[in-house]
Amino acid sequence: MIKLENITKTYPLSFNRETKVALQNVSFDVEAGEFITFCGRSGAGKTTLLKLIACQEQPTEGAVFFDGENLGKIKDKDICAFRHQIGFVFQDYKLLSYKTVFENVSYALEVTDYQNGVMDNEVSQILELVGLEKQTNSFPHELSGGEKQRVAIARALIHRPKVILADEPTGNLDPYHTRDVLKILNKVNELGTTILLATHSKEIVNSLQRRVITIEDGQIRSDEANGRFIL
Amino acid sequence: MSKKIQKILKSGWDNFQRQGILTFATLFIIFIAVFLASSLYLFAGAIYFLNDRLQERIDISVFFKENTAREDIVKIEDQLKAVPEVKKVEYFSADDAYQKFVQDHKDDKYYEALQAIEMNPFLASIHIQAKNPSQYGSISTFLKKDEFQSVIQNVNDYKRGTVIQKLTDLTKNIRTIGLALIGFLSLIAVLVTFNTIKLTIFSQKAEIEIMRLVGAKRRFIQGPYFIQGLLCGLSASLLAFVLFGAMAFLLQEKLSGIFLGFNMFDFYKANIWELVALQFGSGLLLGTVSSLLAVQAYLKK
Ligand SMILES: Nc1ncnc2c1ncn2[C@@H]1O[C@H](COP(=O)(O)OP(=O)(O)O)[C@@H](O)[C@H]1O
Ligand SMILES: [Mg+2]
């Protein structure tokens, strides 16, 4: 379903001529329905990897394919349709600051061609699922980090995407909510959603017992079907 | 109305209410621009008014010898009216002149002097205005004809032309400079407004990026900003309309002295629809076009 071919990504650094190599010669395949954890220290290149798959960044070398289509050649007008198939959880949440919790989540539905009648109900349900039913009318700046993260997760789930890209989705959560979020991710994965999760947490990696790709200094160090934390 | 359009309208209204600083900054700068545009419109009105006033003050006065019969004067008037360059011929009898003098000098010593001589020292006169200041020369020549000399005491033609020419040049210059100034200021207003709105929307860069990441189509991103710009333009125009009217009302007397009797508030009332069109037109245009263009800049891939 997703295929990375010899990806190298370098970032230009301002003020001097050097460039920063974030990923080097990375290749792997993702089958539909997989649950893959990208594990690595901070700065290893996990976020960059997810950005490339989200078509948020373009690779310096190599190509990313989604359902057989080269994301480097995707047309401007098709990019919306592509993004509708993906749910994002960003490390920095990326919530819309002038929209309420409810509106942030429903926005991801509104941008697709979804019937409005069902919508409000579903948004409420999903907010209940992440434990935010009391904060539906709050604005992001009124929430704690963990709460924002849960809004982001609700937004990533609401439109039933084919793939969920989750960058440190539990980084700001307490153990209870971490467990809940992992439970939810496992659940939607069982229902057929492909999940790509980036984390540096040993507990999460070991508790999942799914495919783990370990990244070190921008290169794949190991790729195991039933991986454990090895750093 | 489709649900999508409803959503866009609501979202635009929400942004307008919630993004206090952005809304205020945009509204304020549009207000300034609209107010400036209104002032320039007023200024242009004043210039034309002044121009007309100055031209009205230019005339040729013909004074007739004492005891000239009214019929003889009427004959000359009729001849003058037949001259194509002549706009207006006004007759002023000796009595009229006397009354006017009394009127003007009721309370001073000139009136006493006039009473002391116990007669009417004034002459009957006609005042001629040309359609165009450059035509005074030919009217003046026309009056020099021999057949008129038996009744005409003197022709006050400002030494045929030099003063008239100077006045004409002056009014022309005032108009040219004024209009150039208006054009220049308008250009600056448009540039400043556009850039300010662009800067304020710069704060929206991150928001727009998120919308794109979630997969929002261009129109769906642009729509609410468009509505927000529209609302800012509308409120700014309304504010400018009210405040400008208030200013014109409060300053009408103070400023009419400077502008040779130009009354701002009367002008405001007389041209109200044109002003409304100018204010709301420029306000809405600035609000919508600049928000569209600014968002467009962040929508590029
Ligand atoms: N926009 C950027 N510009 C320059 N360097 C970047 C940028 N984004 C990431 N990097 C660099 O690329 C490397 C990988 O970053 P990242 O993918 O964020 O790692 P991780 O998510 O694993 O912590 C880091 O060394 C980081 O400094
Ligand atoms: Mg990261």
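Being a predicted model, the structure only gives us computed values, none of them experimental.

## Thoughts on the overall build of chain A
Move 1: Helix and strand counts for chain A stand at seven helices and ten strands.
Move 2: On C-alpha atoms alone, chain A measures out to a radius of gyration of 18 Å, which is about the 17 Å that the 2.2 N^0.38 rule sets for 231 residues.
Move 3: When its C-alpha atoms are laid out on the principal axes, chain A stretches across 45 × 40 × 40 Å.
Move 4: Buried residues in chain A amount to 54% of all 231 residues.
Move 5: A fraction of 66% describes how many contacts in chain A between residues 6 or more apart in sequence connect residues 24 or more apart.

## Section: the environment of G145 of chain A
All names here are of chain A.
Move 1: Mapped onto the elements, G145 comes out in helix α5 (residues 145–158).
Move 2: Spatially, the C-alpha atoms of G145 and D92 are 9.2 Å apart, while their sequence positions differ by 53 residues.
Move 3: When neighbours within four sequence positions are excluded, G145 is seen to be in contact with Y93 and N172.

## Some words on the site of ligand 1
All names here are of chain A.
Move 1: Every residue near ligand 1 is listed here: Y11, K20, A22, R41, S42, G43, A44, G45, K46, T47 and T48.
Move 2: Take A44: an N or O atom from its main chain is 3.3 Å from an oxygen atom of ligand 1.
Move 3: Protein chains bury 68% of the 560 Å² of accessible surface belonging to ligand 1 in isolation.
Move 4: Every element with two or more residues in the shell around ligand 1 is listed here: β2 (19–30) and α1 (46–53).

## Things to note about the coordination of the magnesium ion (ligand 2)
All names here are of chain A.
Move 1: The magnesium ion (ligand 2) binds to the protein through T47 (OG1) and Q91 (OE1), with metal-donor distances spanning 1.9 to 2.4 Å. With a gap of 44 residues between them, T47 in helix α1 and Q91 in the loop between β6 (86–89) and α3 (101–110) connect regions that are remote in the sequence.
Move 2: Look at T47 and you get partly exposed, because its relative accessible area is 26%.

## A short note on the nonpolar core
Move 1: Among the nonpolar cores identified, the biggest contains 78 residues, and V105, Y107, L127 and L197 of chain A together with I30 and I221 of chain B are the most heavily contacted of them.
Move 2: If near-sequence neighbours (up to four positions away) are discounted, I30 of chain B is found in contact with T193, I197, C232, G233, A236, G283, L286 and G287 of chain B.
Move 3: Of all hydrophobic cores here, the second largest spans 33 residues; its members include I2, V30, I53 and C55 of chain A.

## So, the domain arrangement of chain B
Much of the literature gives interface size as the accessible area that the parts lose upon coming together.
Move 1: Domain assignment breaks chain B into domain 1 (3–53 + 164–299) and domain 2 (58–158).
Move 2: Summarising the inter-unit geometry, the C-alpha centres of domain 1 of chain B and domain 2 of chain B are found 50 Å apart.

## Points about the sheet that holds strand β8 (residues 194–199) of chain A
All names here are of chain A.
Move 1: Pairing in this open sheet of six strands is mixed, and the strands run β6-β7-β8-β3-β9-β10 from one edge to the other. Each edge of the sheet is formed by a strand with only one pairing partner; in this case those strands are β6 and β10 (219–224). Neighbour-to-neighbour, the strand axes of this sheet turn through a mean angle of 15°, independent of strand direction.
Move 2: Of the strand pairs in this sheet, strand β3 (residues 35–39) and β8 are connected by five bridges, and their pairing is parallel. Its bridge partner being in β8, C39 is matched across the sheet by T199.

## Observations regarding the layout of surface pockets
All names here are of chain A.
Move 1: Volume-wise, the second largest pocket comes out at about 400 Å³.
Move 2: Lining the second largest pocket we find 14 residues, and of these I126, L157, R160, V188 and L191 sit closest to its centre.
Move 3: For the lining of the second largest pocket, the elements supplying multiple residues, two or more each, are α4 (116–129), α5 and α6 (175–190).
Move 4: Element by element, the count of residues in the lining of the second largest pocket is highest for α4, at four residues.
Move 5: Of the residues assigned to the lining of the second largest pocket, the class counts are nine nonpolar, two polar and three charged.

## Some thoughts on the packing of aromatic side chains
Residue and element names in this part refer to chain B.
Move 1: Scanning all chains against the criterion turns up 18 aromatic pairs over all chains.
Move 2: Aromatic side chains Y98 and F122 sit 6.4 Å apart centroid to centroid with 75° between the ring planes, which places their arrangement in the edge-to-face category. Highlighted residues: Y98 in helix α4 (residues 94–105) and F122 in the loop between α5 (109–117) and β3 (125–130), separated in sequence by 24 residues.
Move 3: Ring centres of F101 and F122 lie 5.4 Å apart, and the angle between their planes is 45°; on these two criteria the pair is classed as tilted. Of the two residues, F101 sits in helix α4 while F122 sits in the loop between α5 and β3, which places them 21 residues apart along the sequence.
Move 4: Members of the aromatic cluster, connected to one another through ring pairs, are F31, F35, F241, F244, F249, F265, Y268 and F280.
Move 5: Just above the ring of Y91 sits the side chain of R70; from NZ or CZ to the centre is 3.3 Å.

## Things to note about the environment of V105 of chain A
Residues and elements named next belong to chain A.
Move 1: Secondary-structure assignment places V105 in helix α3.
Move 2: With 54 residues separating them in the primary sequence, V105 and H159 have C-alpha atoms 9.2 Å apart.
Move 3: In this structure V105 touches V123, I126, L127, V151, A154, R155 and I158, once residues within four positions along its chain are discounted.

## Considerations on empty space enclosed by the protein
Residues and elements named next belong to chain B.
Move 1: Under the counting rule described, the total for this entry stands at four cavities of 30 Å³ or more.
Move 2: Quantified by volume, the largest cavity comes out at close to 80 Å³.
Move 3: Lining the largest cavity are L22, T23, T26, I197, I201, Y225, Q228, G229, C232, G287 and S291.
Move 4: For the lining of the largest cavity, the secondary-structure elements that each account for two or more residues are α2 (20–57), α7 (162–202), α9 (218–258) and α11 (272–299).

## Section: the packing of helix α1 (residues 3–18) of chain B against α9 of chain B
Residues and elements named next belong to chain B.
Move 1: At their nearest, the axes of α1 and α9 sit 8 Å apart, and the two run at 50° to each other. The angle between α1 and α9 falls in the class oblique. Considering the relative orientation of α1 and α9, their crossing is right-handed. For the pair α1 and α9, the contacting residues are K4, I8, L9, S11, G12, W13, N15 and F16 in the first and R219, F220, G223, P224, I227, Q228, L231, C232 and S235 in the second.
Move 2: Taken together, the residues of the contact of α1 with α9 break down into nine nonpolar, six polar and two charged.

What counts and what doesn't
- Residues numbered from 1 in each chain as written.
- Chains lettered and ligands numbered in written order.
- Predicted model: local features only at pLDDT ≥ 70, side-chain atom pairs only at ≥ 80, totals over all residues.
- Heavy atoms only, no water.
- Helix = DSSP H or I, 4+ residues; strand = E, 2+ residues; numbered from the N terminus.
- Rg over C-alpha atoms; globule rule 2.2 N^0.38 Å.
- Buried < 20%, exposed > 50% of the residue type's maximum accessible area, 1.4 Å probe, protein only.
- Contact = heavy atoms within 4.5 Å.
- Near = heavy atom within 4 Å.
- Polar contact = N/O pair within 3.5 Å; in protein donor to acceptor, adjacent residues only side chain to side chain.
- Areas by Shrake-Rupley, 256 points an atom, 1.4 Å probe, with all protein chains shown as cover.
- Donors = N, O, S within 2.8 Å, 3.2 Å for Na, K, Ca; no water.
- Core = buried A, V, L, I, M, F, W, Y, C linked by side-chain atoms within 4.5 Å.
- Domains from an automatic or database assignment.
- Pairing = 2+ DSSP bridges.
- Axes fitted to C-alpha atoms, helices over the stretch in contact; angles between N-to-C directions.
- 1 Å grid on protein atoms, 1.4 Å probe; cavity = no way out; pocket = protein on both sides within 12 Å on 5 of 7 lines; lining within 4 Å.
- Points joined across faces, edges and corners; volume = space filled by probe spheres on them.
- Nonpolar A, V, L, I, M, F, W, Y, C, P; charged D, E, K, R; others polar.
- Phe/Tyr/Trp six-rings, centres within 6.5 Å; stacked < 30°, edge-to-face > 60°.
- Lys NZ or Arg CZ within 6 Å of the ring centre and 35° of its normal.
- Parallel < 35°, antiparallel > 145°, perpendicular 65-115°, else oblique.
- Left-handed = near helix turned anticlockwise from the far one by under 90°.

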